[in-house]
Amino acid sequence: MTRDDFQEKGRQPLLVSACLLGVYCRYDGRMETDGRVADLASRFTLIPVCPEQLGGLPTPRDAVELSGDRALARSGADVTEAFYRGVEQVLRIASLTGARAAVLQPRSPSCGIGVIYDGTFTGVRIEGHGMLAGRLAEEGFFLCTPDGLDRLA
């Protein structure tokens, strides 16, 4: 496939956290579809991605939170390298498809935009990006959560 295959009929490719589309990839194994995001398929070519699975982590898996520059599971396991691998895979997919925007899962240690959990597994939220969201922001991607879909052109 080429980049043009993903831009058929003038529709722009859009990276989407796969869990928002009901793909079996959430850490807790639940499958939930956000209808607002699924409805974007009428305007965009949706590219579902899960950086955690792409990095080699299973579903279901332990909850993970960021602590500094490390991704740590509730069990204490350090899964930072898997997170980095997943980010690189999503960047590769974005390059292949020509995607320059993403709709990402809020508060996720991978996909969270602007707010994530603080690394203590106590439910405390702090300012910051998940690993993927931070990297996409550095690369100049347009990012939003399902609550910010009105910002998509």
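Residue numbers here run from 1 along each chain, matching the order of that chain's written sequence. Two thresholds apply to this predicted model, a pLDDT of at least 70 for residue-level local features and 80 or more for giving and counting side-chain atom pairs, whereas whole-chain, interface and lining totals are computed over all residues. Only heavy atoms go into the side-chain values, all of them from the structure, while hydrogens and water stay out.

K.L.:
Go over the overall build of the chain, please, and point to the residues and values.
P.N.:
Working definition: helices are DSSP H or I runs of at least four residues, strands are E runs of at least two. Numbering for both runs from the N terminus. Tallying secondary structure elements over the chain gives 4 helices and 8 strands in all. Counted from the first residue to the last, the chain has its helices and strands arranged as β-α-β-α-β-β-α-β-β-β-α-β. Only C-alpha atoms enter the radius of gyration, while the globule expectation follows 2.2 Å times N to the 0.38, with N the number of residues. In terms of overall size, the chain behaves like a compact globule, its C-alpha atoms giving a radius of gyration of 15 Å where 153 residues would be expected to give roughly 15 Å. Taken along its principal axes, the extent of the C-alpha atoms in the chain is 45 × 30 × 30 Å. Contacts are assigned to residue pairs that have any heavy atoms within 4.5 Å of one another. Within the chain, counting contacts between residues at least 6 apart in sequence, those at least 24 apart form 63% of the total. Accessible areas in this description were obtained via Shrake-Rupley with a 1.4 Å probe; residue shielding takes into account the shown protein chains only. About 7800 Å² of surface is accessible on the chain, with carbon and sulfur atoms providing 50% of the total. In this tally, Lys and Arg are treated as positive and Asp and Glu as negative; His is ignored, and so are the chain termini. Every charge is mapped onto a representative atom, which is NZ of Lys, CZ of Arg, CG of Asp or CD of Glu. Looking at the chain, you have 17 positive and 20 negative side-chain charges, and the mean spots of the two groups are 3 Å apart.

K.L.:
How would you explain the packing of aromatic side chains if you had to name every residue and give the values?
P.N.:
Between rings of Phe, Tyr and Trp, where Trp is taken as its six-membered ring, a pair exists when centres lie within 6.5 Å; planes separated by under 30 degrees are stacked, by over 60 edge-to-face, and by other angles tilted. In total, this model carries 0 aromatic pairs according to the counting rule given. Our definition puts a charge over a ring when NZ of Lys or CZ of Arg is within 6 Å of the ring centre and also within 35 degrees of the ring normal. Lying across the ring of Phe141, Arg100 places its NZ or CZ 4.3 Å from the centre.

K.L.:
Could you give an account of the nonpolar core, naming the residues involved and the relevant values?
P.N.:
Among the buried residues, those of types Ala, Val, Leu, Ile, Met, Phe, Trp, Tyr and Cys that are joined through side-chain atoms within 4.5 Å form a nonpolar core. Whether a residue is buried, partly exposed or exposed follows from its accessible area with a 1.4 Å probe, protein chains only, as a fraction of its type maximum: under 20%, in between, or over 50%, in that order. Ranked by internal contacts, the top residues of the largest apolar core, which has 26 residues, are Leu15, Ala71, Phe83, Leu104, Leu132, Leu136 and Leu143. When residues of this core are traced back to their parent elements, those giving at least two are β2 (45–49), β3 (64–67), β4 (70–73), α3 (80–97) and α4 (131–138). When residues in this core are grouped by element, the largest group, 6 residues, is from α3. In this structure, Leu132 is in contact with Pro51, Val87, Val90, Leu104, Ser110 and Cys111, ignoring residues within four places of it in sequence. Listed in part, the 16 residues of the second largest apolar core include Leu14, Val37, Ala101 and Leu152.

K.L.:
Residues and numbers for the pairing of strand β1 (residues 13–17), please.
P.N.:
For β1, the tally of buried residues reaches 5 of 5 residues, placing the bulk of the element in the interior. Neither face of β1 is exposed, since Pro13, Leu15 and Ser17 on one face and Leu14 and Val16 on the opposite face are all buried. Pairs of strands are assigned from DSSP output, requiring at least two bridges between the strands. Relative to β2, β1 is paired through 5 bridges, and the arrangement is parallel. The partner of Pro13 across the bridge, within β2, is Thr45. Pairing between β1 and strand β5 (residues 101–103): 2 bridges, direction parallel. Note on β5: the bridge partner recorded for Leu15 is Ala102.

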